[in-house]
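Now for the letters of each chain:
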Amino acid sequence: MVLIRDFAVQGAQMLLVLTLAPLFTAYVRKVKARLLRRRGPSLIQPYRDLARLMRKEVVLAESASWLFRVCPYLIFAATWVAASLVPTFRTGLLFSWSADLIAIIALLGSARFFLALAGLDVGTSFGGIGSSREVMIASLAEPAMLMIVFTLALIAGSTQLSTIAAFMTSAEAGLRVSLALGLVGLIMVAIAENGRIPIDNPATHLELTMVHEAMVLEYSGRHLALIELSASLKLILYVSLLACLFLPWGIESAGASPPTLVIGLVAYLGKLALGGFLLALFETSIAKMRVFRVPEFLGAALMLGLLATLLRFVSASF
Amino acid sequence: MLTVILACAAALLALAAFAVVIVRYAAATPIIYGMTMIVTAISLAAAATPLFGAEPAAMRTLPLGLPWLGAHFRLDALSAFFLVVVDLGALCASLFALGYGTHEQAPQRVLPFYPAFLAGMTLVVIADDAFAFLFSWEFMSLSSWALVMAHHREPGNARAGYVYLTMASFGTLLLLLAFGLLAGPGGHYSFEQMRAAHPSAALGALALVLSLIGAGSKAGVVPLHVWLPLAHPAAPSHVSALMSGVMTKVAVYGFIRIAFELAGAPAWWWSMLVLALGGVTAVMGVLYALMQHDLKRLLAYHTVENIGIIFIGLGLALAFKTYAMPFAAALAFTAALLHVFNHSLFKSLLFFGAGAVLTATGERDMERLGGLIHRMPQTAFLVLVGCAAISALPPLNGFVSEWLTFQAILLSPQLPTWGLKLLVPAIGAMLALSAALAAACFVKAYGVTFLGRPRTGAAEAAKETDRFSLVAMIALSAFCLIVGIVPGVFIDALAPVSSSLIGAHMPPQIGAQWLSIVPIAASRSSYDGLLVFLFMVISGALAATAIHRLASDRLRRAPAWDCGYPDLSPVTQYTAASFAQPIRRVFGSLVFRAREYGEMPPPGDVRPASLKVEISDLIWDAVYAPIASGIGVAADRLNRLQFLTIRQFLSLVFGALVILLLVLAIWS
Amino acid sequence: MNWVMSGVASATSFNALSGLLLIPAGAAVLLALLPGYRSTARLNVAAAALTLLCAFSLFFRRPEPGVYLLVDDLNGTFVVLTTFVGFTTSVFSLSYIGHELETGRLTPPFVRFYHAMYQVLMFAMNLALIANNIGLMWVAIELATLTTVMMVGIYRTHEALEAAWKYFILGSIGIALALFGTILIYMAARPVVSEGLDAMAWTMLVSRAGGFDAALLDLAFVFLLLGYGTKVGLAPLHAWLPDAHAEGPTPISAVLSGLLLNVALYALLRFKMVLAANSAALAPGPLMVTLGLLSLVFAAFMLYRRRDIKRMFAYSSIEHMGIITFAFGMGGPLANFAGLLHMTMHSLTKSAIFFAVGHVAQVKGTQRIADMGGLTETHPVLGWGLILGVVAIAGLPPLGIFMSEFLVVSSTFARAPLLALVLVFGILVGFAALLLRLNSIAFGAPRGPNGRTNASYVPMFAHLALVLLAGIYLPPALVAWFENVAKLLG
Amino acid sequence: MSSINFDIAHLLAGSLVLVSFLELYQDRLYALLNVYAVHALALAASVGWQAFAQDAPHLYVTAGIALVFKAVVIPVALHRMIVRLGIHREIEKVVGVGPVMLAGIGLVALSMVVILRVTQEADPLAREDLAFALSVILLGLLMMVTRRNAVSQVVGFMSLENGLVLAATGAKGMPLVVEISVAFSVLIAFIVIGIFLFRIRERFDTVDVQALDRFRGEHS
C-alpha cells in the first residue's frame, strides 16, 4: 500500500516537472518580455510549438548517423530521470536513494555528452562550434557544481537530496558563509548550464555567439521537440534544485496527508514563480558576454565552490 | 589455486618458446592466441575464487631465483584481485588478437613476446619476495618493450622503445633500492620477513618515496609519465590495451604492496604526497590528452589521468589508515581498486576500438578520420560505450568508482591534519575538473573519429572489423555495463582485499535494497546503477513510444542545413584541433605555453589563411631535456679522454699513483 | 719442470693440474710447428676441450696445495670459467678465422701464429690462476699480457699496431707497478714467514698475514691495485682496453673481456684477502669501491659517443669491471657473492656479445655502428642473439646479471645509501647508452651491406643459454662454491 | 748487518736517486743516454754490493745484466737509433726543468713519508733501500710523462725498472729476482725494437689529434 502510494507520488512528481517545464520556460519569457515592455508570447506557446514540431516531418541531414536520431531520446531520458530525482513538493521519493546529487550531476553530464556528440554528427562547422564551446563551459561548470555539492554534503553530512533538504529545514542549518557562497556559485552554474544570458542567449540564432542552438541546428520535427523539452526540463530542474536546497520550506517530508501535499505543491509553484522572475530580471539587466569571458565567469563559480568547501573542511574540526 | 596459476604462468612461458618455433607458419597466430586464451581463462578462474570464497593466502616456494631464498609466491586477496584484472584483460586481448593479429605484418615480432608479457604480469602479482617481484617486473617491462619495438620501422617507435625501457629501468632500480632498504643489510628479501620487520619511520618513509617514484614511473604518474604516451601507442593495439589497461595496474599493485603492507605504519605526509601526485596526474593527464590528435596517444594520456584518479583513492586510503579510520580507508581503497578494475575494462575496450579503426583505415590521426559510424556501426557503438564509461557517465562503471572516490573525499573533513584538510578539497576539485575534462576529451575523440563525414579516402573506405574483435569488444562493454549496474557484487568481491590491507572493508552491498550501493549509510549516500539504468531505459522507451504513437514519423533526407551555409567539403568540419581550441585557450596557455599564430589575408587576397599552434611540453622541457643535455655534455667532455696520447694516459696512471700515495701518507 | 715434482701428491691431481698447463703449452708448440689452417684450428679446439676436461676434474679431486701450485675454491671458479670460455672461443675462432682467411685479412702464417699464441695465452692464464706464488702469478699475467699484445696487433693495420703499442706501453707500466707491489708483499712477509718461496706463497700469506707490517701491506696494495688494476681496465688506467678490444681479432676481444680482465681481478682479490687478514692494514675496500665507481660512471658516459661497436662493448667491460670491483670492495657475504656471480656472468655474456659482434662485423664488413641497422630484419638470428646479449649485459631479467646487480645494489643501499645512489646512477646512464646503440643496430630500416657469415652461432647461444639458466636457477653446488669463496673473501 | 755494509748500500742506492735527478735535468738525448748509462752502472754496483752483503751469488747475474745490457748494449742501440731516426736535436720536454725538478723533489719526499710509516722492526737496509727504490720508480714515471720523445720515454721506463731491480735485490732472499730482471730486459728489448720497427718517433705523444682520431676508428 505504502509502496503504491510512493509510486504514485514519484510518478506525480515526474509528470509534474514534465508538464510544468514548458510552462516555466514560457513564464520566464513572458516576464522578460514584460520587463522589456513587450507583451510576449502566450504562456502556452511552448506547448503549441512542441505539438507543431511533433506533427512535422523530420528533415534529416544526409550525413547524419543513427546516433543523431537516438540522441534526442537519450538526452530526454537522462534529463527527465535527473529531474524526477529532485524533490519538488515532497521529499523521500521512492527512488531518491537510487541516485544522489552527484549522480544527478552526472546524469545531466550524460545528456550533455550526447548532445555534444549530436552536434558533431552531421559534420558541419556550426555543430562543431556549439559542441566545442559546450564542453568547454561544462568542463568548468561541472567541477564548480561538484564543489558546491561538496559544501552542501559536508554541511548536511549527506549527498542525498532528501537528507539535505530535511537538514536545511531543521534548525541546525542556520546561516553560514559556506552556504551563501554555495548559493551564489550554484546560481552561476545554473545560468551557465542552461545557456542563459550572459553565457548564451536561448533566443538567438546569431551564428557566432550561440552555443546550445548551434548544436541542435540540424534537428527538426519530433527530434527538435524532444531537445526543446529536455532544455526546459533542465531549466526547471535547476530551479527546483535551488528551491529544494536553499528554500526547502514547505516541502512535505513524510506521511503525506493531502493538506500538506497541497501546501507543498503551492509552495513549490511559488518558488518556481519567484525563481523565474528573478531569472528574467537578471537576464534583462545584463548583456551577453564574449565566449572567452565565460571561463572567467565559471572560474569564479569554481573558486566560490572551492572556497565554500575549504571553509567547511576547516571549520569541521571546530 | 596458486599451483594452477603458477602452472598457467609456466604454460605462458612455454607458449612463448613454442611461438619462436612455429612463428614462420601462418597458423601460428590463431594457435598462440587461442592457447593464451585458454590459459588465461584457466588462470582467471583460479584467481577469482579467492575473491569470492574467503580462502587463506596460499604460499609456495620454488627452488628458483636467489638460491638461498628460492622464489616465493603467494596468492592473497590483493594478488588475486590484480590477477583477475590481468587475466581478464589478457583473455579479452587474446580474443581480440585472434582477429586483429591476422593483419599483423610482422607476427614473428609479436607472437613470442605476447605470452611472455602475460607471464611476466602474472608473476609480478603473485611474487612474494623482492627478487621474484623485481625479476618478473623487469621481465614484464622487457617483453613489453619488445612488443613496442614490433613495428620498429615506423617513425618514432624506436625512440618510444628507448624512452620506455630506460624509464622502466629507472623505476626498477628505485624499487630495488626500496627493497634493499626494507630487506636490510642481512638481505631479508622475502616479503614475509619484510612484513615482520616493521621498519623504522625514516626507513619506511624513504621506501615509500622510492616505491612511489619507482612504481609511479611504471604506472605513469606525472612527471614520470613521459614514456607512456610514446610507448603504449607504438605497440600493436591489443598490446597497447594490455599495457594501458593492465600493466599500469600491475604497477599500482606494486605501489599498494609496498605502501600498504611492507613499508610499515604510514606517516601523515605520505598520503599528502600521494594525493598531490594523484591530483596533478589526473588533471595533467587529461589536459595532455585534450591536446592530442593521435587516437592511441590520446588514450594513453587518459591512462595517465586514470592513474591519477586511482592514486587519489590510494592517497585517501593512506590518510584514513594513518588516522585509524578503517571504514573510510576501506571506502577509499575500494574506490581505487574498483577504478583499477573499471579502467582496465574500458581502456582495453577503447584500445581495441582504436585497433579496429587502425586496421580498417590505417590511420591513427583523428584529423584524417571521420564518419566511421556509417562504415563501422558495431565498432562505433561499442566504442561509444567505452567513451561513456571512461567519461564517468551513469549508469556505466566509470561513474561508480569515481562516485565512490567522491564519497571518500566527503569523509575527509574528519581528518585531523591541517595539511590534509586544505589539500583534500583541492584534490576533490582537481578530480572533478579531470572528470569533466575527460568527458570533453571523449566527445572530441569520438566525435571527430566516428561522427561527421569522412575526411580522407581511407576513412571513407573503412570496413567493419572482424568477428573476434567484435566479440572481445562486446564482452568488455557488457562488463562495463554490468559493473555499472550491479556494482555491489564487485564491491563485495573487493572486501577481502581491503580487509587484508586496511583491516576493514565496506559493508556488504549484496543485501542492500534493489542492488544499490551504500558506502556508509543509506541516509548519507547511495547509488543504484540498476535503477538508474532501468529508469533511463523506461523513460527513453516511453518517450519513443509516445512519440511514435502520437507524432508524425515521417522522415526526409536532405543536405545539412548548417545555417544556410552548407559546404559539401568534409574539410570544413570541425577538426580535433579546433574542437579543443577553447579548452586550449583556457588551460593550455598556462600549462603548455600554447601559442597560436594566425594569419588572415585581407579581403580580396586569395591566399589561404593559416593557423599554427605551438604547444610545448613543460615537463619534458623542465625535467627531461636538461637531463638529456646534461648527459650529452658530460659525455662530450669525458669523450676527450678517448683521444689522449699515450703520454697523457701515462700521466693519468702517474697521477692516480701519486694521489693514492698521498692518501696513504695522509691516512696515518 | 721441478715445480711439478715438488708439491703434488696424488697421481690424478698431478694429471689434472699439470694438464691445465701442459696441454696448452704442448699445443702451443705443436701449433707453432704445424702448417695448414683447418687441422690446426681443430687441434686448437681439441686442446682447449682437453684443458676444460682437466679443469672439470678438479671438481672431483682437488690436489693439496704445493709450493708452486694451488687449487682452492676461489681459483677453482676462475679456472673452470677460463677453460670453458677458452674452449667456446676456440670453437668460435675456428669458423671466424676461416672467414678472415677467406677475406684475406689474415694470411696463413699469421693464422699459425694466432693459434700458437692462443694456447700460450691459455697456458699463461691457467698458470696465473693456479700459481701459489705471487711471483709466478706475476710472471704468468705478464706473459698473458704480452701474448695478447701480439694478437691485438695481428692484423698489422695502422690502427691495430697503434692499439697494440698503446697496450704494450701501458701494460708495461702496469707490470712494473705490480712487480713493485709484489716485492713489497714479499718484504712484508719475509720477517714473519721465512726467506724464500714460502714468503710468496698464497697459502702462507693469507694464513700468516696478521703479523705482517701493515704499512708495507698498505703501500703494496696501492701498487698492486694500480698495477693489476691496469689489467682489469679500471679507470683511469683503462686506456689500452678499448683500443685493444676494437682492433684485435674478435675471438681475442672475447677472451680479453671474458677472461684476462678476470685473471687480473683474481690477483687483486687474492691480495685483498691478504690485507683483510691483517687487522692493522688499511681496508682495501674503500680504494676498490672508489675505483670501481669511478670506472662505472666514467665508462657509462663514454658509451654515448662510441661509433665503433667493439670499442663500445669494451667500454661496457670497463663498466662491469667497475661494478665487480665495487662489489668486492664492499665485501660481506652478499656483495662478494654478487661480485663472483657478476664476474662469471659478465665473462659468459660479454664473450657471447663479442661472438655476435664478430658475426656482425663480418656481415657488415665494418665495425662502424653507423653502418649497421635493422639487424633483426636482415639477420634475425644474429640480431636477436645480439639483443639478448645486450639485454643480459644491461642487467635485465631473466638473465644472470640481473641477479648480481640486484644483490649488489640492494645490499649496498642498506649499508651505504650514497654509494648505492652513485652505483644506480652509473648503471642507468650506461644502460641508456647501450640501449640507444642497440636500437640503431638491431632495429630500424636495414643499413649497410648484407654479407653472409659462416661462423658458428653455437658458442654464442651456448653462453647465452648458460646465462639465462643462471638467471633463473643457480645449481646448489655452484652456490655452495660461491658462498665458500665469498666467505674466504671476507 | 754491519754498519759499513749498510752505509755502502745506502750510498749506492742514494746515488741512484741522484742520477735519476740528473736524468730529469737533461734535455739533450745524447746526454740523457749517457746519464742513463751511469744510472745502470750505479744499479750494477748496488746490486753487486747486495749480492756480496747478502751472500747471494745469484744476484751477481742481475748485476751483470745491469752492467752489460743496460749500461752498454741498450744505450748504444738507442744511440744508433737516434742517429737513424734523425731526432738527436730535438728538445722535447713538456714542462720546464724547474717544475720537473721540484716535482721530483716532491716525489722523493712523498716516497720517504710513505716508507717511513713502515715499522722499524723491518729490515733497516730494506727500509732505506725501499725508499730510494720508490723514489727512483716515481722519478722514472715522472720522466715518462714529461717527455715527448719516444727514446727518452724508454729511458724513463728503464730507470723505473732499475728502481724495481733495486727494490727486488734489497728484499733479502727474494726468489726469482734474476728471472725478473731477465724478463724486464726482454721487455725493454721489445720496446726498443718496437720503436725501431715501427719508426715511432713521436707516437707516444702525437699532437695531431686528427691523426689519432683516424687511428682510433672513432671518426664519423
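A word on the overall build of chain D
Here is step 1 of the chain: Within chain D, the secondary structure is distributed over eight helices and zero strands.
Here is step 2 of the chain: In sequence order, the secondary structure elements of chain D are arranged as α-α-α-α-α-α-α-α.
Here is step 3 of the chain: Relative to its full complement of 220 residues, chain D shows a buried share of 58%.
Here is step 4 of the chain: Taking the contacts inside chain D whose residues are at least 6 apart along the sequence as the reference set, 76% of them involve residues at least 24 apart.
Here is step 5 of the chain: Accessible area of chain D: about 8500 Å², with a carbon and sulfur share of 67%.

Some thoughts on the interface of chain A and chain B
Here is step 1 of the chain: On the side of chain B, 86 residues touch chain A, which itself brings 84 residues to the contact.
Here is step 2 of the chain: Buried surface at the junction of chain A and chain B, summed over both partners, amounts to about 7300 Å²; 73% is from carbon and sulfur atoms.
Here is step 3 of the chain: Three residues stand out in chain A for area buried against chain B, namely Trp97, Phe113 and Phe313 of chain A, and they jointly supply 11% of the buried area on that side.
Here is step 4 of the chain: The interface formed by chain A and chain B includes one salt bridge.
Here is step 5 of the chain: Arg556 of chain B is the partner of Glu57 of chain A in a salt bridge, and the nearest nitrogen-oxygen pair spans 2.7 Å.

Here we look at the packing of helix α1 (residues 3-25) of chain D against helix α2 (residues 29-54) of chain D
All names here are of chain D.
Here is step 1 of the chain: At a closest axis distance of 9 Å, the pairing of α1 and α2 adopts a crossing angle of 165 degrees. By the criterion of interaxial angle, the relationship of α1 to α2 is roughly antiparallel. Here α1 runs over α2; the crossing is left-handed. Across the interface between the two elements, Asn5, Ile8, Ala9, Leu12, Ser15, Leu16, Val19, Ser20, Leu22 and Glu23 from α1 touch Leu32, Val35, Tyr36, Val38, His39, Ala42, Leu43, Ala45, Ser46, Trp49, Gln50 and Ala53 from α2.
Here is step 2 of the chain: Considered class by class, the residues forming the contact of α1 with α2 number 15 nonpolar, six polar and one charged.

Thoughts on the interface of chain B and chain C
Here is step 1 of the chain: If you look at the interface, chain B gives 59 residues, while chain C gives 69 residues.
Here is step 2 of the chain: When the two sides are added together, the surface that chain B and chain C hide from each other amounts to roughly 5900 Å², 80% of it contributed by carbon and sulfur.
Here is step 3 of the chain: Among the ionic pairs, Arg153 of chain B bridges to Glu377 of chain C, the shortest N-O distance being 2.4 Å.
Here is step 4 of the chain: Seen at the junction of chain B and chain C, the total is 13 residue pairs in polar contact (both at pLDDT 80 or more).
Here is step 5 of the chain: Among the secondary structure elements, those contributing two or more residues to the side of chain B that touches chain C are α5 (130-148), α6 (157-183), α8 (201-219), α23 (618-639) and α24 (646-667) of chain B.
Here is step 6 of the chain: Per-element accounting of the side of chain B that touches chain C gives the leading share, 12 residues, to α6 of chain B.
Here is step 7 of the chain: By residue class, the composition of the side of chain B that touches chain C is 43 nonpolar, 12 polar and four charged.

Some details on the nonpolar core
Here is step 1 of the chain: Counting 677 residues, the largest nonpolar core has Trp145 and Tyr446 of chain B as the members making the most contacts within it.
Here is step 2 of the chain: Residue assignment places this core across two domains, with domain 1 (575-614) and domain 2 (618-667) of chain B each supplying three or more.
Here is step 3 of the chain: Setting aside anything within four residues of it in sequence, one finds Trp145 of chain B in contact with Gly161, Tyr162, Tyr164 and Leu165 of chain B together with Ile387, Leu435, Leu438, Asn439 and Phe443 of chain C.

Let's talk about a nonpolar patch on the surface
All names here are of chain A.
Here is step 1 of the chain: A cluster of nonpolar side chains, Leu35, Leu36, Leu247, Trp249, Leu274, Phe277, Leu278 and Leu281, forms an exposed patch at the surface whose accessible area comes to about 710 Å².
Here is step 2 of the chain: Note that Leu247 resides in the loop between α9 (221-246) and α10 (258-284).
Here is step 3 of the chain: On the basis of relative accessible area, Leu247 is assigned to the partly exposed category, the value being 34%.

Details of the packing of helix α4 (residues 73-103) of chain C against helix α20 (residues 476-489) of chain C
Residue and element names in this part refer to chain C.
Here is step 1 of the chain: At a minimum axis separation of 8 Å, α4 and α20 run at an interaxial angle of 130 degrees. If you check the angle between α4 and α20, you find them oblique. Crossing handedness for the pair α4 and α20: left-handed. Contact residues: Asp73, Leu74, Gly76, Thr77 and Val80 in α4; Trp481, Phe482, Asn484, Val485, Leu488 and Leu489 in α20.
Here is step 2 of the chain: Residues of the contact of α4 with α20, tallied by class, amount to seven nonpolar, three polar and one charged.

Analysis parameters
Residues numbered from 1 in each chain as written. Chains lettered and ligands numbered in written order. Predicted model: local features only at pLDDT ≥ 70, side-chain atom pairs only at ≥ 80, totals over all residues. Heavy atoms only, no water. Helix = DSSP H or I, 4+ residues; strand = E, 2+ residues; numbered from the N terminus. Buried < 20%, exposed > 50% of the residue type's maximum accessible area, 1.4 Å probe, protein only. Contact = heavy atoms within 4.5 Å. Areas by Shrake-Rupley, 256 points an atom, 1.4 Å probe, with all protein chains shown as cover. Buried area = accessible area lost by both parts, 1.4 Å probe. Salt bridge = Lys/Arg side-chain N within 4 Å of Asp/Glu carboxyl O. Axes fitted to C-alpha atoms, helices over the stretch in contact; angles between N-to-C directions. Parallel < 35°, antiparallel > 145°, perpendicular 65-115°, else oblique. Left-handed = near helix turned anticlockwise from the far one by under 90°. Nonpolar A, V, L, I, M, F, W, Y, C, P; charged D, E, K, R; others polar. Polar contact = N/O pair within 3.5 Å; in protein donor to acceptor, adjacent residues only side chain to side chain. Core = buried A, V, L, I, M, F, W, Y, C linked by side-chain atoms within 4.5 Å. Domains from an automatic or database assignment. Patch = residues over 30% accessible without salt bridge, like charges linked within 9 Å, V, L, I, M, F, W, Y side chains within 5 Å.

These figures capture arrangement, not role.
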